[in-house]
Amino acid sequence: MIEVILTGFPPREFYRTMAGPIPKQIINFMRKLSAYPRCVFKQFNHNFLSTSPDPSSSITLLCNELKTFPSGSKNLRHLDQLGKFVVQLQKDPECAREVWDNGVVPTLVELSNCGQMEMEAQARMALSLLGYAPPYAGRGLRILSIDGGGTRGLIPIAILKHLEEVCRLPIHRMFDYVCGTSTGALVAALLCIKKASIVEVESMYHEMSTKVFKMNNLLGISQLFLTHAFYDGKLLQRIIRTNDEADNLMYETSRLKDVPRLSVVSTIVNRPVIQPFLFTNYRHHPNNAENVHYLCSSDVIGWEALMASTAAPGYFEEVRIGPYVHQDGGILTNNPCGIALHEARLLWGKSTPIQCIVSLGTGLYTKRPAGKKEPSTSLKEKLTKIVASATDTEAVHTILKDVLPASAYFRFQPELSEDILIDESNPDKLEQLVRDAERFLRANPNLVQQVSESLTAPKTTIQKAQDWADTYWNKLANR
């Protein structure tokens, strides 16, 4: 089989077996091909008439190689073949349908829990590229959405810190799907991919505010005219890249155990109509291709995706990745909860129950100082209102609150004691953000209790029995 992949021609052993009993692998291989007559001719033409390998036939042969792997294999040749399989999937997304039809996914699921670290990592990456949805640990899907808001990201950090203490679980094990915009994307990546502690994330935010957002006004204004950015994005990039996983492609982060499916939201600004873009650590199942609403990619380097999601106009430079120019995801979707729900249902299916959706805001300031006159209708005021309207987070919340059951959807949006800017660097004001979040949590103990009970609810007896049956039949299918 290996010789077919490397040279495009069958090995001598293939011909010798034709005179005697045909091996089981060959029988299974021919049965699969016989179900697709066009594939038979394509395979025949490839092996005997062409000197260049056909990607689709190569993936078929790799699939059949994978089926022969013993469980828990530590054979370096097997690991090499699995690595080639992942590379083929990454380069040719169209072959995913053929892999699903070939029935190799149960084998990959078994390899992802085989006990051999490298083999497990490669199998997890293959499954994420195939659009495989891993089993959820609770009674249904648990989804986390984090809004954008610059250094006001300290608010969702404080809330998540409290949830970790109450639930006694790290964030990456608490949720099946996580989605973040701008600062929310940074928090999501640090907690779920790097698996940093809450204390480490808090420290990074304080470092970001003191190093990135402290800028000489004269220098900032001169940069604004030259690059359309007041702040130096290289400083932010340097902080982001201290994350060990930041230099990996997005789909490669799925090789780590217990990493949830994750998406980072940006906005494409160089198309006739601006639209959201998702950087994901997964691809969609080929059967869902027609239902995918958002442009997305899993082949982008992690730190580039985060820079694109945080490129707020006027604050940081726009980011060009491939044919698209990206800016802050908050331009269109500062509250990405609707996107998170849409993507989760595409991955796991619309019939999959929703156990808990947690939506975290970065604070809302609604107070008007006493004695202040009604705002004027100056051009500046109009532009300010337009920007505020475009980045509004509560419109999405209002819709989801009406659509989703109250027992499954929870929104945390503390009211701010003062209007704190997204590029605030004053330590006292940053501490005020944390105090506002803590005050909100103290004022809403029932909300925290409901969320913790929902997040930690175990599977029912029927669900556990169904999981056991699925595992049993998958093992039978691999024999």
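Thresholds, definitions, all that
- Note that residues are indexed from 1 along each chain, following the sequence as it is written.
- Local features in this predicted model are restricted to residues whose pLDDT is 70 or higher, and side-chain atom pairs enter the listing and the counts only when it is 80 or higher, whereas totals over whole chains, interfaces and linings include all residues.
- Side-chain measures were taken over the full set of non-hydrogen atoms in the model, leaving aside hydrogen atoms and water.
- The buried label goes to any residue with under 20% of its type's maximum accessible area, the exposed label to any with over 50%, and the partly exposed label to all in between, with areas taken from a 1.4 Å probe on protein chains only.
- Segments assigned H or I by DSSP are reported as helices when at least four residues long, segments assigned E as strands when at least two residues long, and all are numbered from the N terminus.
- Strand pairing is assigned whenever DSSP identifies at least 2 bridges connecting the two strands.
- By definition, residues are in contact when any of their heavy atoms lie within 4.5 Å.
- Take a side-chain nitrogen of Lys or Arg and a carboxyl oxygen of Asp or Glu: if they are within 4 Å of each other, that pair is a salt bridge.
- We call Phe, Tyr and Trp rings a pair once their centres come within 6.5 Å, taking the six-membered ring for Trp, and we label the pair stacked below 30 degrees between planes, edge-to-face above 60, and tilted otherwise.
- In this analysis the charged atom, NZ for Lys or CZ for Arg, is taken to sit over a ring once it is within 6 Å of the ring centre and within 35 degrees of the ring normal.
- Between the N-to-C directions of two axes lies an angle of 0 to 180 degrees, each axis being a line fitted to C-alpha atoms and, for a helix, fitted only over the stretch in contact.
- Orientation categories follow fixed angle ranges, with anything under 35 degrees roughly parallel, anything over 145 roughly antiparallel, 65 to 115 roughly perpendicular, and all other angles oblique.
- Helix crossings are classified by the rotation of the near helix relative to the far one: an anticlockwise turn of less than a right angle makes the crossing left-handed, while a clockwise turn makes it right-handed.
- Take the residue count of a helix, subtract one, and multiply by 1.5 Å to get its expected span.
- Contacts described as polar in this section are N or O atom pairs within 3.5 Å, which, within protein, must combine one atom able to donate a hydrogen with one able to accept it, while residues neighboring in sequence count only if both atoms come from side chains.
- Each nonpolar core is a collection of buried residues, namely Ala, Val, Leu, Ile, Met, Phe, Trp, Tyr and Cys, held together in the definition by side-chain atoms within 4.5 Å.

### Observations regarding the pairing of strand β8 (residues 354–360)
The buried fraction of β8 amounts to seven of the seven residues, a majority that puts the element mostly inside the structure. When strand β1 (residues 141–146) meets β8, the two strands line up parallel, connected through six bridges. Within the sheet, the bridge partner assigned to Ser145 lies in β8 and is Ser359. Where β8 meets strand β9 (residues 409–412), four bridges bridge the pair, whose relative direction is parallel. Residue pairing across strands places Ile357 opposite Tyr409, the latter belonging to β9.

### Regarding the side chain of Thr333
In this fold, Thr333 is placed in helix α17 (residues 330–333). When its relative accessible area of 14% is taken as the criterion, Thr333 is described as buried. Sequence-distant contacts of Thr333, that is, excluding residues within four places in its chain, are made with Thr181, Val265, Pro276 and Ile339.

### Considerations on the pattern of salt bridges
This model, assessed by the stated rule, comprises 11 salt bridges. Here Glu207 and Lys211 are joined by a salt bridge, their closest N and O atoms 3.0 Å apart. Here Lys211 and Glu207 lie together in helix α13 (residues 198–211), a separation of four residues that amounts to about one turn.

### Regarding the packing of aromatic side chains
Within the structure shown, the criterion is met by six aromatic pairs. On the numbers, 6.3 Å between centres and 15° between planes, the contact of Tyr231 with Tyr315 is stacked. On the criterion of sequence distance, the pair formed by Tyr231 in the loop between α14 (217–227) and α15 (233–240) and Tyr315 in the loop between α16 (302–309) and β6 (319–321) is long-range, its members being 84 residues apart. Look at Tyr231 and you get buried, because its relative accessible area is 7%. Note on Tyr315: relative accessible area 27%, which makes it partly exposed. One aromatic cluster is present, formed by Tyr231, Tyr315 and Phe316 through successive ring pairs. Note that Lys459 overlies the ring of Tyr136, its terminal NZ or CZ placed 5.1 Å from the centroid.

### Details of the packing of α13 against α15
Where α13 meets α15, the axes come as close as 10 Å, and the angle between the chain directions of the two elements is 160°. When the axes of α13 and α15 are compared, the pair comes out roughly antiparallel. Viewed along their axes, α13 and α15 form a crossing whose handedness is right-handed. Contact residues: Met204, Glu207, Met208 and Lys211 in α13; Leu235, Leu236 and Ile239 in α15.

### Some details on helix α21 (residues 427–443)
Think of an α-helix as 3.6 residues a turn; residues three or four steps apart then line up on the same face. With 17 residues, α21 should reach 24 Å at 1.5 Å per residue; the first-to-last C-alpha distance of 24 Å fits that figure. Considered for burial, the residues of α21 that qualify are Leu430, Gln432, Leu433, Val434, Asp436, Ala437, Phe440 and Leu441. Buried residues along α21 sit against α10 (154–167), α13, β9 and α22 (445–456). Its side-chain oxygen 2.9 Å from the backbone nitrogen of Asp428, Asn426 forms the N-cap of α21.

### As for the nonpolar core
Counting residues in each nonpolar core, the largest one holds 71 residues, and the members touching the most others are Leu144, Leu160, Tyr205, Phe279 and Phe412. Counting residues in each nonpolar core, the second largest holds 27 residues, with Phe69, Ala126, Leu130 and Tyr251 among its members.

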